[in-house]
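# Topology and contacts: notes
Residues per chain are reported as follows:
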Amino acid sequence: MLHKYLFLLLLGSSAVLLTLNSCKDECQDPRNPDCENYNPCIDSKPTSAAFTIKEADYLEMISPNLKDFLIDTDSCYGRSVYFEATQADADSFIWQIGTEPEPRYGKQVNVVFPDNLRGTNFNIRLIVKRKPNTRCFPNDDGIDTVIRSFYFVRFNEPLSWEGTYYGSDDDKPDSMYTIVLGHSYDEVWDRDKIKIIGLPRGCKDTVNESFSLPIINYTNIWCERRGLDCEGKIVRGVFNNGNNYTIKQEYRTFIDGAFTTKNRIFTGIKIN
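Residues numbered from 1 in each chain as written. Predicted model: local features only at pLDDT ≥ 70, side-chain atom pairs only at ≥ 80, totals over all residues. Heavy atoms only, no water.

### A few points about the pairing of strand β6 (residues 108-112)
In β6, alternate side chains face the same way, and those of Val109 and Val111 are buried while those of Gln108, Asn110 and Val112 on the opposite face are not. Direction of pairing for strand β3 (residues 80-85) relative to β6: antiparallel, over a ladder of five bridges. When the bridges of β6 are listed, Phe83 appears paired with Val109. (Buried < 20%, exposed > 50% of the residue type's maximum accessible area, 1.4 Å probe, protein only. Helix = DSSP H or I, 4+ residues; strand = E, 2+ residues; numbered from the N terminus. Pairing = 2+ DSSP bridges.)

### Observations concerning the sheet that holds β3
Across the sheet, three strands lie side by side as β1-β3-β6; this open sheet has antiparallel pairing. One side of each edge strand has no neighbouring strand; the edge strands of this open sheet are β1 (51-55) and β6. Taken pair by pair, the neighbouring strands of this sheet meet at an average axis angle of 20 degrees, ignoring direction. (Axes fitted to C-alpha atoms, helices over the stretch in contact; angles between N-to-C directions.)

### Concerning the sheet that holds strand β8 (residues 143-152)
Through backbone hydrogen bonds, the strands of a sheet pair up, either in parallel or in antiparallel fashion. In space, the five strands of this open sheet follow the order β2-β8-β7-β4-β5, with mixed pairing throughout. Strands at the two margins of the open sheet, each flanked by one partner only, are β2 (75-76) and β5 (104-105). The pairing of strand β4 (residues 92-97) with strand β7 (residues 121-129) spans six bridges and is antiparallel. Within the sheet, the bridge partner assigned to Ile97 lies in β7 and is Ile124.

### Things to note about the side chain of Thr52
Looking at where Thr52 falls in the secondary structure, it is placed in strand β1. When near neighbours in sequence (up to four residues on either side) are disregarded, Thr52 contacts Asp72, Tyr82, Phe83, Glu84, Thr86 and Arg148. (Contact = heavy atoms within 4.5 Å.)

As C-alpha cells, this is what we get:
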C-alpha cells in the first residue's frame, strides 16, 4: 500500500511538473504581456543624442536613403554631408554645425560645405529632447547632448578607400585577383581622377570623375567607339563591413546602337 501511495504521489508530481514546463515553454516571449517573463522595457532605450556622419559615396552620388551604401565616418571628401540622429523618436532635434549662427532642426540634416573650408575640423553638436521614460529609466530627464568632430578632407589627401584589394567577383568566386584604387585631383582642370589597376574585364586606366564632352560630338563618339564604355565609371563604390570590403562595379557595353549594363560585386580584403 505504501509503495502504491508513493507511486501515485510521484506520478502526480510528474504531471504537475509536465504541466508547469508546458506552460513555461509556451510563454517565453519577454514582449508578450501574458508571459511571466514579460519585460515592458525590453525595446526601450534612454534618451540619446548619438548621430551618424555620412556622405554620399565619392565614387557615385547616392541617395542618403540607401543605407547600405553609406557608412559612418569622421572624415568626408564629398561636399554634401548628412548628419542623422539615431534616436527613433524625439520631440526635437537641434543641430549646431560648426560656427553657423543659426541652429538646424530635424532628425537628419544635409550640409553642403564649400571647398574653401577643406582642411578644417568641424564640431557638430546635437541636442535631443523628448518626454522621459522614467518607468524604464528613472534617471532619464529626456534631454541628451552629443558633440562629434569630423574633418573635411583637402584635395589630394589620401582617402579611406584608396589601396590594394584581393578577392573575387560574384559571378566568378574562384577567380581571385588584385585591384588597386587610387585618387588624385587635377587643379588645372578642377576635376578628380580615379586610378583603377587590375580589373580583369578591362578599363584599367585612369578614369576622370568629371569627364565631359561637347554635346555636339557626344553621340558620334559613343557610336564610333562601341565596345566597353571606358569613359564611364567602372568602379561605383567601395564599402566595408568589418575586415571585408565590397567594390561595386558597373560595366557598360555599347552594341548595336544601345547600351547594355552588367553589374558585378567584388568581395575581398584590403591588403595595403
